[in-house]
Amino acid sequence: ADLELPNGIGGFADEGREYVISVDQEAGSLPPQPWSNVVAHPTFGFAATECSPGYTWSLNSHDNRLTPWRNDPVSDPPGEAVFIRDEQTGQFWSATPLPSGAGAPYTVRHGQGYSSFEHARRGVASSLRLFVPPSDDVKVFHLTLRNESPTRRRPTVPISVQWVRGEDRLPSQLPRVSHGHNRPPLSRHPAGQDVLHPLPSHHSVRVHAGSDARGGH
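What you see is a predicted model, and the numbers here were worked out from it, not measured in a lab.

Visitor: So, the pattern of salt bridges: which residues are in play, and what are the values?
Guide: On inspection of all chains with the given rule, the structure shows 8 salt bridges. The partner of glutamate 148 in a salt bridge is arginine 146, and the shortest N-O contact between them spans 2.7 Å. Residue glutamate 148 is classed as partly exposed on the basis of its relative accessible area of 46%. Exposure remark for arginine 146: the relative accessible area of 45% places this residue in the partly exposed category. Connected through salt bridges with shared partners, the residues Asp14, Glu15 and Arg17 form a single ionic network.

And the structure:
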């Protein structure tokens, strides 16, 4: 669809309800600086850029960060990443342009209350939607995969998170990650009680692949 007020990199869509950015690093299609979208309610939120899921906080975006914000307008290094791995070949890439997009094209949509990243590679189309439910202190990573090849695929979805506590990295004590039946992973850092107003951080990933990821679905 045609964009409103296009500038060569992006433009408005859906009557101004979202901003669409075409990221293609190899073709030189990239904003001059990170274009961010802040998604939050009074007690929890995140800021995503056109290249990555950005960083997440609880209660205070400066004093109680859960993942790092590096304030680097050049390289925009992410502290969170969702990967797609083809278990048949061992090849992998990220669902966002960074950190492992290899300069390939992505379509990014910043809207009120969400950011989404669309991409296709090696016969697998992906759509990653990030949002915070209005009544929960949760950052949701909702990933949909579609097999566009004639063969059956077997993808997995690793997630990488660099934890921080406020402004401090946590290299010495790794967070505890617990898994409940049919529930998303829950991560808690052992020192969490020392954080102002401590709250656990949750990361939910749902993967949808039509007809068990067989070809043509």
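Visitor: Residues and numbers for the sheet that holds strand S5 (residues 55-58), please.
Guide: Across the sheet, 3 strands lie side by side as S3-S4-S5; this open sheet has antiparallel pairing. The strands lining the two open edges of the sheet, one partner per strand, are strand S3 (37-41) and S5. Sheet twist, expressed as the average angle between the axes of neighbouring strands with direction ignored, equals 10°. Pairing of S3 with strand S4 (residues 44-48), which is carried by 5 bridges, proceeds in the antiparallel orientation. Bridge assignment links histidine 41 to a residue of S4, and that residue is phenylalanine 44.

Visitor: Run through unusual backbone geometry, naming residues and quoting values.
Guide: Backbone torsion omega between leucine 98 and proline 99 reads 15°, so that peptide bond is classified as cis. Among the structural elements, proline 99 can be located in the loop between strand S7 (92-94) and strand S8 (106-111). Positive phi outside glycine occurs at alanine 102, with the angle close to 55°. Mapped onto the secondary structure, alanine 102 falls in the loop between S7 and S8. Since its relative accessible area comes to 59%, alanine 102 is described here as exposed.

About the thresholds
Residues numbered from 1 in each chain as written. Predicted model: local features only at pLDDT ≥ 70, side-chain atom pairs only at ≥ 80, totals over all residues. Heavy atoms only, no water. Salt bridge = Lys/Arg side-chain N within 4 Å of Asp/Glu carboxyl O. Buried < 20%, exposed > 50% of the residue type's maximum accessible area, 1.4 Å probe, protein only. Pairing = 2+ DSSP bridges. Helix = DSSP H or I, 4+ residues; strand = E, 2+ residues; numbered from the N terminus. Axes fitted to C-alpha atoms, helices over the stretch in contact; angles between N-to-C directions.

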